[in-house]
Amino acid sequence: MAKNIPKIADRPKERKPNKQLSFDFNFKSLTQNEQFKFVVGVLFMLVAAFMLISFFSHLFTGNADQSEIDAALAHTQKNKKTANPFGLYGAKLSHLLIFELFGWSAFLLIPILFVSGFKMSFKRELIPLENLTWQALFYTFWFSCFFGFFVFMLDAQATLSNVCGGIGYFINQSLYGVIGWASILVIMFVLIVFVVYYYGIDSVSKLSDKLNSQTVLQEADDEEEEVLVEKDIANAKNIQRVRQDLQAPPIIEEELEDLTIDHVDNHDEENIRPYLPPVVTTPTPTTKSPKGEISLTIENVEDIPETIEEEETPIVLDEKDAVNEELLKKFGLYDPMLDLPHYKFPTLDLMKEYDTGKANVSQEELKANSDKIVETLGNYGIGIASIKATIGPTVTLYEIIPDAGVRISKIKNLEDDIALSLAALGIRIIAPIPGKGTIGIEVPNKNREMVPVRMVIGSEKFQKSTADLPIVLGKTISNEIFVTDLAKMPHLLMAGATGQGKSVGLNMILTSLLYKKHPSQLKFVLVDPKKVELTLFNKIERHFLAMLPNSAEAIITDTKKVVHTLNSLCIEMDNRYNLLKDAGCRNLKEYNVKFVNRRLNPEKGHYFMPYIVLVIDELADLMMTAGKEVEQPIARLAQLARAIGIHLVIATQRPSVNVITGTIKANFPARLSFKVTSKIDSRTILDTGGAEQLVGMGDMLLSTGSDIIRLQCAFVDTPEVDDVCDFIGNQQGYDSAYMLPEFEGDNEGGNDKAEFDASNRDPFFDDAARLIVTHQQGSTSLIQRRLKLGYNRAGRLIDQLEAAGIVGVFEGSKAREVLVKDMDALERLLKEL
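Described below are features of the structure shown in this document. Note that the structure is predicted; figures quoted are calculated from it, not measured.

### Some remarks on the overall build of the protein chain
Looking only at helices and strands, the protein chain has 29 helices and 17 strands in total. Counting across all 833 residues of the protein chain, residues that qualify as buried make up 42%. Of all intrachain contacts in the protein chain linking residues separated by at least 6 positions in sequence, the fraction that spans at least 24 positions is 67%. Carbon and sulfur atoms form 55% of the exposed surface of the protein chain, whose accessible area is close to 47,800 Å².

### Brief notes about a nonpolar patch on the surface
Taken together, the side chains of Leu52, Ile53, Phe56, Leu59, Phe60, Phe86 and Trp104 define a hydrophobic patch exposed on the protein surface, amounting to about 690 Å² of accessible area. With respect to the helices, strands and loops of the structure, Trp104 is situated in the loop between helix 3 (87-102) and helix 4 (109-122). On the basis of relative accessibility, which here comes to 42%, the residue Trp104 falls in the partly exposed class.

### What to know about the layout of surface pockets
Considered as a void within the structure, the largest pocket measures approximately 960 Å³ in volume. Considering the residues around the largest pocket, the lining is formed by 33 residues, among which Arg428, Ile430, Pro434, Glu442 and Ile708 are closest to the centre. Going through the elements one at a time, strand 4 (395-402), helix 14 (415-422), strand 5 (428-430), helix 24 (679-686) and strand 16 (707-713) are the ones with two or more residues in the lining of the largest pocket. Per-element accounting of the lining of the largest pocket gives the leading share, 4 residues, to strand 16. Its residues assigned to classes, the lining of the largest pocket shows 11 nonpolar, 9 polar and 13 charged.

### Topic: helix 26 (residues 765-775)
For helix 26, the set of buried residues is Phe765, Ala768, Ala769, Leu771, Ile772 and Val773. One or two residues past the end of helix 26 sits Gln776, with phi positive at roughly 50°.

### Brief notes about the pattern of salt bridges
According to the stated counting rule, one finds 27 salt bridges in the structure shown. Among the ionic pairs, Lys530 bridges to Glu533, the shortest N-O distance being 3.8 Å. With a closest N to O distance of 3.0 Å, Arg770 and Glu827 form a salt bridge. With a gap of 57 residues between them, Arg770 in helix 26 and Glu827 in helix 29 (residues 823-832) connect regions that are remote in the sequence. One network of salt bridges, with partners in common, ties together Arg428, Glu442, Asp699 and Arg710.

### Quick look at the pairing of strand 15 (residues 699-704)
Within strand 15, 5 of the 6 residues are buried, which leaves the element mostly enclosed by the surrounding structure. Where strand 14 (residues 670-673) meets strand 15, 4 bridges bridge the pair, whose relative direction is antiparallel. Note on strand 15: the bridge partner recorded for Ser673 is Leu701. Note: strand 15 against strand 16, 6 bridges, orientation antiparallel.

### So, the packing of helix 17 (residues 502-516) against helix 25 (residues 718-729)
Working note: a packed helix pair is described by the angle between its axes plus the distance between those axes. Packing of helix 17 against helix 25 leaves a shortest axis separation of 11 Å and a crossing angle of 30°. Our classification of the angle between helix 17 and helix 25 gives roughly parallel. Crossing of helix 17 over helix 25 shows left-handed handedness. Of helix 25, the residues touching helix 17 (which contributes Asn507, Thr511, Leu514 and Tyr515) are Val721, Val724 and Ile728.

The rules we used
- Residues numbered from 1 in each chain as written.
- Predicted model: local features only at pLDDT ≥ 70, side-chain atom pairs only at ≥ 80, totals over all residues.
- Heavy atoms only, no water.
- Helix = DSSP H or I, 4+ residues; strand = E, 2+ residues; numbered from the N terminus.
- Buried < 20%, exposed > 50% of the residue type's maximum accessible area, 1.4 Å probe, protein only.
- Contact = heavy atoms within 4.5 Å.
- Areas by Shrake-Rupley, 256 points an atom, 1.4 Å probe, with all protein chains shown as cover.
- Patch = residues over 30% accessible without salt bridge, like charges linked within 9 Å, V, L, I, M, F, W, Y side chains within 5 Å.
- Salt bridge = Lys/Arg side-chain N within 4 Å of Asp/Glu carboxyl O.
- 1 Å grid on protein atoms, 1.4 Å probe; cavity = no way out; pocket = protein on both sides within 12 Å on 5 of 7 lines; lining within 4 Å.
- Points joined across faces, edges and corners; volume = space filled by probe spheres on them.
- Nonpolar A, V, L, I, M, F, W, Y, C, P; charged D, E, K, R; others polar.
- Pairing = 2+ DSSP bridges.
- Axes fitted to C-alpha atoms, helices over the stretch in contact; angles between N-to-C directions.
- Parallel < 35°, antiparallel > 145°, perpendicular 65-115°, else oblique.
- Left-handed = near helix turned anticlockwise from the far one by under 90°.

Okay, here's the thing in structure tokens:
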């Protein structure tokens, strides 16, 4: 192995150390060395952290460390462990600066060290160091004296010495011996002198200007940063433009003839190309054009300087954009709330405070119910791995995890058996719970909790909601307040038997919107066939209601006016879509943003569009009396009106298939069901069972697609709604309600004999009339079968019989009423005709 070792002379020469690594002991050059500055800066920041932690520890452990510090200073004891995390040296430093010198104000020395170190290490100032140093030093001494005055006057040196330190205490002791308690005036005078001379204050107004200037400077800095960012974006766009010009095909003669370039010599082909700064090029094959030969290659486009921006043609706004900018500068953004500038939103004081206790479910009751559920399921051979309970305002949810191999359908079929063992009003089984690997069994509480409207309206979740149409419905099973957005539903279908809380739910929706929306942002179309449920809202007619022109009342109760109103809303929908098409917008939100930014001309028919919410309290009555005349416009609004801000809330107490038809149901993805009487009704409204097992009094299920949420509706009493409407109605409103477009319906008085034209009547008219009166059934199909006519001709005969006053008006799926009761009366009528 020795022979393989090269001789020393044959070894390669060792590299000399790098000059930068050599140590230069010249103090001047050492302090100017960048590495030295970096190291010292890091050291300063570490010392600042050392002081911060030591000082904080001293506030809590200073008394405990006092004996060790005294012993160390007297050199009578060594290596004694202290409570300060940095040991004896941390305790000594804290004792010196806080206890003996400056008190709490010693903390102001820490930012000086940290900012100094940061500036030395990173060549950047967090805040101006010079200003920080002067202010921190002054306030360190001043606060020590200020706190010292109170420590001295309270004679609390033994307990509060850390607050003021030794300097503050002894200065106040000396001053008090000369001028007594007036020493505080001297301390405040020193502060005033410093503020006046350091900040350059010579009057009170100058002081306020100085404070305001800080905000202005901050805004100016933010604007400067935005300008720099925009400049960077412009440079990037210029580079992209140059790339596109380089990749563009050669310019041919026909194109050059069409070009118009100011200040360019048409005989100089090089001036036609865009300006490019000098760059290093490499020889490449040239690209030939009909005008000559141009050769230009850019090796690195990123190296193009910013001078391109100076040569760029200035951007000229078109006339429309220029007008918009001028309007914005002159008037600012359009504010629809200025229509009613003094409008005040309802306050929580209008709502009652109820003494509502929590749902009282004891641990014994929970244990007993859990044991009964496990026992009942065990009797049928179903083992339970685990069970847990969640207490809600109305029901308690028991989540169970069955043993492996147990079929879910087997548990679901035991619903009645579990209800029997628990002696409960009715239970609901959720198998499985969406998003969880558990099966839910909802058991009603014996003592229910009422959810008052004041609690949910005043909740932070509702008050801070940014939804377009926020509505708060109540509480979930887990006692969380449930807030949703009607604009995203976008329509709501409600059902429930009489007395189960349906009208309270409607009032809750309307009240939620009244608390969150300004009259310029929202309008209601209220349809109340029962004539008594929504009359409270008559008082807000000039603020929130919409109605037909020349209508006596804003709340619609007459069936024929309901049909006209629905068709009028369809016209409003079509008009809004035309305006959206002209504005180039897809929905109401985009359109209103453009209008607020003054990009739409009101002289061309544009206006700020409020949301419109159509509320129908009893659909079943309308379907019985008007049928298709109501169903078709409702279906059309439900299909199309969402994008232009028209939303429907329809309630019925009879959710049967002839009321909630397939056409209506398909366009209402959000359904809300209170307790119904049968499982069939539950399936009609929710497409699943469960609503028949609810316990009433506001207990409800909300279906939003695939999820079904159980809620306890908040209780809003009639006097509370009345107070809210009074509060709004007593304020200044618009001159009238929001006017819907006029609808020209069919002429009324179809039974008037004067409109009947005997000369154009069908040859089978008399036979059809005798047939109808004989059977007392105004049916088109009866005429078809007995007279052997086609459907169209039979339909015309029915229309002629209606015009002659023999049969009544169309009533949907029901047969028409026969107005002539016997043959003698018919024969007399035929002779008159």
